[in-house]
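If you want the building blocks of each chain, they are given just below.
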Amino acid sequence: QVQLVESGGGLVQAGGSLRLSCAASGIIFSINAMGWYRQAPGKQREPVCTISSGGYTNCADPGKGRFTISRDNAKNTVYLQMNSLKPEDTAVYYCNADIQIRSYYGTRNYWGQGTQVTVSL
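A brief report on the enclosed structure follows. (Residues numbered from 1 in each chain as written. Predicted model: local features only at pLDDT ≥ 70, side-chain atom pairs only at ≥ 80, totals over all residues. Heavy atoms only, no water.)

**As for the overall build of the protein**
For clarity, the threshold we go by: Secondary structure follows DSSP: runs of H or I at least 4 residues long count as helices, runs of E at least 2 residues long count as strands, and numbering of each begins at the N terminus. Radius of gyration means the value over C-alpha atoms here, while the globule rule gives 2.2 Å times the residue count to the 0.38 power. Categorising residues by exposure relies on relative accessible area from a 1.4 Å probe, with only protein chains included: less than 20% of the type maximum marks a residue as buried, more than 50% marks it as exposed, and the intermediate range marks it as partly exposed. In what follows, a contact means two residues having at least one pair of non-hydrogen atoms within 4.5 Å. All accessible-area figures derive from a Shrake-Rupley calculation using a 1.4 Å probe, and residue coverage is judged against the displayed protein chains alone.
Each helix and strand counted, the protein has zero helices and eleven strands in total. For the protein, the α and β elements follow one another from N to C terminus as β-β-β-β-β-β-β-β-β-β-β. Whereas a compact globule of 121 residues would reach a radius of gyration of roughly 14 Å, the protein reaches 14 Å, a difference of no more than 12%. Projected onto its principal axes, the C-alpha positions of the protein cover 50 × 25 × 25 Å. The buried share of the protein, taken over its 121 residues, is 39%. Taking contacts inside the protein between residues at least 6 apart in sequence as the whole, the part at least 24 apart equals 57%. As displayed, the protein offers around 6,500 Å² of accessible surface, 48% of which is attributable to carbon and sulfur atoms.

Okay, here's the thing in C-alpha cells:
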C-alpha cells in the first residue's frame, strides 16, 4: 500500500512564504514524475508544478517565478517552496506521484489527501 502524506500548509499573510512537503511511503520500487496540484473552492483542480525523476521542473503560469518544486529521491519526498504568496493562491494543495511498486509492475498514479493553504490580505 502506497501513501502520499502532505504537510506544511497553513495560514499566511499575503507576501509570505510556505514550504509544503509530501512523503511517499509503503512498498515502492521507483517514483517517476511527482507534482503539486491545487483546487480552490468552486474551481477545478489545476497543476501547480511538476518534477521528473531526473529533476526537470515545470510550473504553471500562476506560480512561475514564485514557486519552486524540488525532490529528495532518497527520502521519496517532494517539496513546494511558495514565496510572495497571494490571496488567489488560497486552495487545497495536493501531492501527486507516478509510482512503481515492483520492477515488474507498471506505474500507477497516486494522490495525497491534500493540505489547506490560506493566504490572507
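**Some thoughts on the packing of aromatic side chains**
In plain terms, the rule: Any two of the Phe, Tyr and Trp rings considered here, Trp counted by its six-membered ring, make a pair once their centres fall within 6.5 Å; the pair's planes then place it as stacked at under 30 degrees, edge-to-face at over 60, or tilted in between. Definition used: whenever NZ (Lys) or CZ (Arg) falls within 6 Å of the ring centre and also within 35 degrees of the ring normal, the charge is taken to sit over that ring.
All chains considered together, the criterion is met by three aromatic pairs. Measuring from ring centre to ring centre gives 5.0 Å for Tyr104 and Tyr105, while their planes differ by 90°; the resulting arrangement is edge-to-face. Through pairs of rings, three or more aromatic residues link up here, namely Tyr37, Tyr94 and Trp111. The ring of Tyr79 has Arg19 lying over it, and the distance from NZ or CZ to the ring centre is 4.1 Å. A cation sits over an aromatic face here: Arg45 above Tyr94, 3.7 Å from the ring centre.

**Observations concerning the sheet that holds strand S1 (residues 3-7)**
Here is the rule: Criterion used throughout: strands pair if DSSP finds at least two bridges between them. In this analysis an axis means a line fitted to C-alpha atoms, helices contributing only their contacting stretch, and an angle means the value between N-to-C directions, from 0 to 180 degrees.
Strand order in this open sheet of four strands is S1-S3-S8-S7, and the pairing throughout is antiparallel. Two strands close off the open sheet at either side, each with one partner strand: S1 and strand S7 (67-72). Going from strand to strand, the sheet's axes swing by 15° on average, the running direction of each strand aside. Relative to strand S8 (residues 77-82), strand S3 (residues 18-25) runs antiparallel, the two sharing six bridges. Looking at S8, one finds that Cys22 is bridged to Val78.

**Side note on the environment of Asp61**
Within the fold, Asp61 resides in the loop between strand S6 (57-59) and S7. On the accessibility criterion, Asp61 (62% relative accessible area) is exposed. Asp61 sits twelve residues away from Cys49 along the chain, and the two C-alpha atoms are 9.5 Å apart.

**Thoughts on the nonpolar core**
We count it as follows: Put simply, buried Ala, Val, Leu, Ile, Met, Phe, Trp, Tyr and Cys residues joined by side-chain atoms within 4.5 Å make one nonpolar core.
Ranked by internal contacts, the top residues of the largest apolar core, which has 29 residues, are Trp36, Leu80, Met82 and Tyr93. When residues in this core are grouped by element, the largest group, five residues, is from strand S9 (residues 91-100). If we skip the residues at most four places from it in the chain, Met82 touches Gly16, Ser17, Leu18, Leu20, Arg66, Phe67, Tyr93 and Val117.

**Some words on the state of the cysteines**
Note the threshold: By convention in this document, the label disulfide applies to cysteine sulfur atom pairs within 2.5 Å.
Across all of its chains, the model carries two disulfides by this definition. Each sulfur of the disulfide joining Cys22 and Cys95 lies 2.1 Å from the other. The sign of the -80° torsion about the S-S bond sets the Cys22-Cys95 disulfide as left-handed. Taken together, the residues span a long stretch of sequence, with Cys22 in strand S3 and Cys95 in strand S9 at a distance of 73 residues. Looking at Cys22, the relative accessible area reads 0%, which means it is buried. Its relative accessible area of 0% is what places Cys95 among the buried residues. Note that Cys49 is cross-linked by a disulfide to Cys59, the S-S spacing being 2.0 Å. Classification of the bridge connecting Cys49 and Cys59 rests on its S-S torsion, roughly 110°, and on that basis the disulfide is right-handed. Within this pair, whereas Cys49 is found in strand S5 (residues 46-51), its partner Cys59 is found in strand S6, the two being separated by ten residues in sequence.

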